Amino acid sequence: MNKQKALLPITTLAMTIAFAVWAVFSPLASTFQQIYGLTSTQKSILVAIPVLLGSIMRIPLGILTDRYGGRKLFSLLLLFIIIPLLGAGFADSYVMLLFWAFFIGMAGTSFAISVTFVSKLTPPEKQGTALGINAMGNIGTAVASFSIPSIAAAFGVKWAFWGLIIPVIIMLLLVWFFTPDTPKPTQKKTMLSSLSVLKYKHTWTLSLFYFVTFGAFVAFGIYLPSLLIDLYGLTPVDAGLRAAGFTVIATLARPVGGNLGDKIGAERILTIVYAGIAIGALAIAFGMENIIVMTTACLFIAVMAGLGNGAIFKLVPQIFPDETGAVTGIVGAWGGLGGFFPPILMGIVKDTTGSYMLGFILLGLFAAICFLLNRIIFGRKIATTIKTVS
């Protein structure tokens, strides 16, 4: 097998499985709420906890992937997540579920590892498309949404966790034996020196942009099942399938965003993206009582978020060709955190006001801010090196 040709399909599939692990608690949240008598806020925390570690740890793992290579880091990650999957199956209290959910969050770091791995072995002119395809591994959240409730119903909640161990082991073997090693960096940097990219304004700009687009993707992906059950009284399986539709559409739009970024410029795509998210969020805020309005607006936001995610990660290796891993980790971390806070905020808003309206209004506001920043900062042609834009 040609390891170079196998790299993209294997890493994409591996990230798909890792993201399914990352999102495993989302479709089970309402079940655990009934078992343990949880409030909306407690349920939201359980759903969001995996996002926390999976976001923060993207920073060191992106840097370590720069240093030691994607094959080694990806293999170690897949080996590690077997442990919390085993533990979650044995959990018998809300506290223990939170404990194992925290470590299951490590699966979310697969994004920083995989994107860095692929970008290092892809020519610059093809990176937008290749990274867009690679990031389709995000569809793992959809895999979790439509498969986990059925597995739990057929075999019990424990096997919703234990059943994922089998594909994790398969991907571990494929990554270790059938992907190439990343070329060693010309100079080894310390963790502190790698974090020097924080001094560049574009690191923070791209982080904010991804906070909104990927944050929306994650937040909708993991909280939509609970939201649909609460608003319309859907069954967990029905709500999971509808949430999976959001994730699939957003995931399929991502390589399109990367490809359009290659062809016409990522900054143009982002102008459309943030205007679209703002409109969609306000439509949900004032029309969520109607399931047709809700569905249409959610799917529209899915397309916009997917295009935005692809366009942003066209910019990362373009602006930071020598610091891709470090910047990927930082930007990816902020994107993940963008998915951590909204579910908790939604739970608090619902418990406090009895409605989700305020949460969607805030999403629209953040999108409008990003729209303005994109026009101000990237309104002109983006330079291709960090030196000319920092």
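Because the structure is predicted, anything quoted here is derived from the model rather than measured.

Our next topic: the packing of helix α5 (residues 70-90) against helix α11 (residues 165-178). Each pair of packed helices can be summarised by the angle the axes make with each other and by the distance between the axes. Between α5 and α11, the least distance of the axes is 9 Å, while the angle of their chain directions is 165 degrees. When the interaxial angle is binned, α5 and α11 end up roughly antiparallel. Considering how the two elements wind past one another, α5 and α11 form a crossing that is left-handed. Counting all contacts with α5, which are made through Arg71, Lys72, Phe74, Ser75, Leu78, Leu79, Ile81, Ile82, Leu85 and Leu86, the residues of α11 involved are Ile165, Val168, Ile169, Met171, Leu172, Val175 and Trp176. A per-class count over the contact of α5 with α11 returns 14 nonpolar, one polar and two charged.

Turning next to the packing of aromatic side chains. Applying the stated criterion to the full structure yields 25 aromatic pairs. With centroids separated by 5.3 Å and ring planes inclined at 50 degrees, the aromatic side chains of phenylalanine 209 and tyrosine 274 adopt a geometry described as tilted. With phenylalanine 209 in helix α13 (residues 201-232) and tyrosine 274 in helix α15 (residues 266-287), this pair connects stretches of sequence that are 65 residues apart. Across the pair, tyrosine 274 and phenylalanine 209 agree in class, each one buried. Directly above the aromatic system of tryptophan 176 lies the positively charged group of arginine 71, at a separation of 3.9 Å from the ring centroid.

Attention now moves to helix α1 (residues 3-22). Residue pairs three or four apart in sequence face the same way in an α-helix, which turns once every 3.6 residues. Here α1 is 20 residues long and its end C-alpha atoms lie 27 Å apart, about the 28 Å a rise of 1.5 Å per residue gives. Roughly 25 degrees is the biggest bend found in α1, and it falls at proline 9. The element α1 is extensively covered by neighbouring structure, given that 14 of its 20 residues are classed as buried.

With that settled, consider the confidence of the model for the protein chain. Per-residue confidence for the protein chain averages 86 on the pLDDT scale, and 94% of its residues sit at or above 70. Per-element confidence in the protein chain ranges from a low mean pLDDT of 41 for helix α19 (residues 386-389) to a high of 95 for α11.

Close contact between α13 and helix α14 (residues 236-264) brings their axes to 6 Å; oriented N to C, the two are set at 165 degrees. With respect to each other, α13 and α14 are oriented roughly antiparallel. At the point where α13 passes α14, the crossing takes the right-handed sense. Contacts between α13 and α14 involve Tyr210, Phe214, Ala216, Phe217, Phe220, Gly221, Leu224, Pro225, Leu228 and Ile229 on the former and, on the latter, Pro236, Ala239, Arg242, Ala243, Phe246, Thr247, Ala250, Thr251 and Arg254.

Moving on: the environment of phenylalanine 25. The residue phenylalanine 25 is located in the loop between α1 and α2 (29-36) in this model. For the pair phenylalanine 25 and tryptophan 204, spaced 179 residues apart in sequence, the C-alpha separation works out to 30 Å. Every residue in contact with phenylalanine 25, bar those within four places of it in the chain, is listed here: Phe32, Leu46, Val47, Pro50, Ala88, Leu97, Ala101, Ile104 and Phe161.

Let us look at the state of the cysteines. Scanning all chains against the criterion turns up zero disulfides. For the unlinked cysteine cysteine 298, the closest cysteine sulfur is that of cysteine 370, found at 19 Å.

Of all hydrophobic cores here, the largest spans 123 residues; its most connected members are Phe25, Phe161 and Phe220. Setting aside its immediate chain neighbours within four residues, phenylalanine 161 contacts Val24, Phe25, Leu28, Phe32, Leu85, Ala88, Gly89 and Ile104.

A word on a nonpolar patch on the surface. On the surface, a nonpolar cluster with roughly 480 Å² of combined accessible area is contributed by Leu345, Leu358, Leu362, Leu365, Phe366 and Ile369. No other element matches helix α18 (residues 357-377), which puts five residues into the nonpolar patch. Here leucine 358 lies in helix α18. Note on leucine 358: relative accessible area 44%, which makes it partly exposed.

Attention now moves to the pattern of salt bridges. Counted by the stated rule, this structure contains four salt bridges. The salt bridge involving arginine 71 is made with aspartate 181; its shortest N-O contact spans 3.0 Å. Taken together, the residues arginine 71 in helix α5 and aspartate 181 in the loop between α11 and α12 (191-194) connect sequence positions 110 residues apart. Take arginine 71: its relative accessible area is 14%, and that puts it in the buried class. Among the salt bridges present, the one from aspartate 238 reaches arginine 242, with a minimum N-O distance of 3.2 Å. Taken as a pair, aspartate 238 and arginine 242 lie in helix α14 at a separation of four residues, close to a single helical turn. Of the residues examined, arginine 242 reaches a relative accessible area of 37% and is grouped as partly exposed.

Rules of the game
- Residues numbered from 1 in each chain as written.
- Predicted model: local features only at pLDDT ≥ 70, side-chain atom pairs only at ≥ 80, totals over all residues.
- Heavy atoms only, no water.
- Axes fitted to C-alpha atoms, helices over the stretch in contact; angles between N-to-C directions.
- Helix = DSSP H or I, 4+ residues; strand = E, 2+ residues; numbered from the N terminus.
- Parallel < 35°, antiparallel > 145°, perpendicular 65-115°, else oblique.
- Left-handed = near helix turned anticlockwise from the far one by under 90°.
- Contact = heavy atoms within 4.5 Å.
- Nonpolar A, V, L, I, M, F, W, Y, C, P; charged D, E, K, R; others polar.
- Phe/Tyr/Trp six-rings, centres within 6.5 Å; stacked < 30°, edge-to-face > 60°.
- Buried < 20%, exposed > 50% of the residue type's maximum accessible area, 1.4 Å probe, protein only.
- Lys NZ or Arg CZ within 6 Å of the ring centre and 35° of its normal.
- Expected span 1.5 Å × (residues − 1).
- Bend = angle between axes of the 7 residues up to and from the residue.
- pLDDT = per-residue confidence, 0-100.
- Disulfide = S-S within 2.5 Å.
- Core = buried A, V, L, I, M, F, W, Y, C linked by side-chain atoms within 4.5 Å.
- Patch = residues over 30% accessible without salt bridge, like charges linked within 9 Å, V, L, I, M, F, W, Y side chains within 5 Å.
- Areas by Shrake-Rupley, 256 points an atom, 1.4 Å probe, with all protein chains shown as cover.
- Salt bridge = Lys/Arg side-chain N within 4 Å of Asp/Glu carboxyl O.

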